[in-house]
Amino acid sequence: MTRDDVNALCAAYPGTEWSEPFGPGHDVWKVGGKIFATHGADAPGVSVKTPDIETATMLIETGVGQKAPYYHRSWVMIPWQDASEITYRLDQSYDIIRASLTKKAQAALPPRK
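Keep in mind it's a predicted model, so treat the numbers as computed, not measured.

Student: Just give me the short version of the sheet that holds strand β1 (residues 16–19), but keep the residues and values in it.
Tutor: What the six strands build is an open sheet, ordered β1-β2-β3-β4-β6-β5; its pairing is antiparallel. The sheet terminates laterally at β1 and β5 (66–67), the two strands that pair on one side only. In this structure, strand β4 (residues 45–49) lies alongside strand β6 (residues 75–79), joined through five bridges in antiparallel fashion. Within β6, the position partnered with S47 by the bridge is M77. In the packing of helix α2 (residues 53–61) onto the sheet, the strands contacted are β5 and β6, and the crossing angle to β6 comes to about 30°.

Student: An account of the pattern of salt bridges is requested, with residue identities and associated values reported.
Tutor: Under the defined criterion, the tally for this structure stands at four salt bridges. Note that D27 and R3 form a salt bridge whose closest N and O atoms lie 2.8 Å from each other. Of this pair, D27 sits in strand β2 (residues 27–31) while R3 sits in helix α1 (residues 3–12), and the two are 24 residues apart along the sequence. Its relative accessible area of 4% is what places D27 among the buried residues. Residue R3 is classed as partly exposed on the basis of its relative accessible area of 26%. Linking D91 and R112 is a salt bridge whose minimum nitrogen-to-oxygen distance equals 2.6 Å.

Conventions used here
Residues numbered from 1 in each chain as written. Predicted model: local features only at pLDDT ≥ 70, side-chain atom pairs only at ≥ 80, totals over all residues. Heavy atoms only, no water. Pairing = 2+ DSSP bridges. Helix = DSSP H or I, 4+ residues; strand = E, 2+ residues; numbered from the N terminus. Contact = heavy atoms within 4.5 Å. Axes fitted to C-alpha atoms, helices over the stretch in contact; angles between N-to-C directions. Salt bridge = Lys/Arg side-chain N within 4 Å of Asp/Glu carboxyl O. Buried < 20%, exposed > 50% of the residue type's maximum accessible area, 1.4 Å probe, protein only.

As far as function goes, none of this settles anything; it's purely spatial.
Laid out in structure tokens, this is it:
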């Protein structure tokens, strides 16, 4: 999987926004103004939110992911070569962040298919 593949997946989620707040080549994807996925120009993968610290720790300990630099311990970086895991974790991260929004913010988003 490539950065372009991840960007295409993220763009397909309802109500997403892309930006480069950390400079060129550092893609940040948000829903409702909150980050759900990010990857840097030279990053070995994409960083995503997990449901909790325990899940992130388990993914790191089993070698599925790595500690996501600069993020809370509930975030992990999934390596580029694991396309199915990236797809699953992007989906989960989007849903976690979307569910954390206020009811008003959630209602303003297009429906999740």
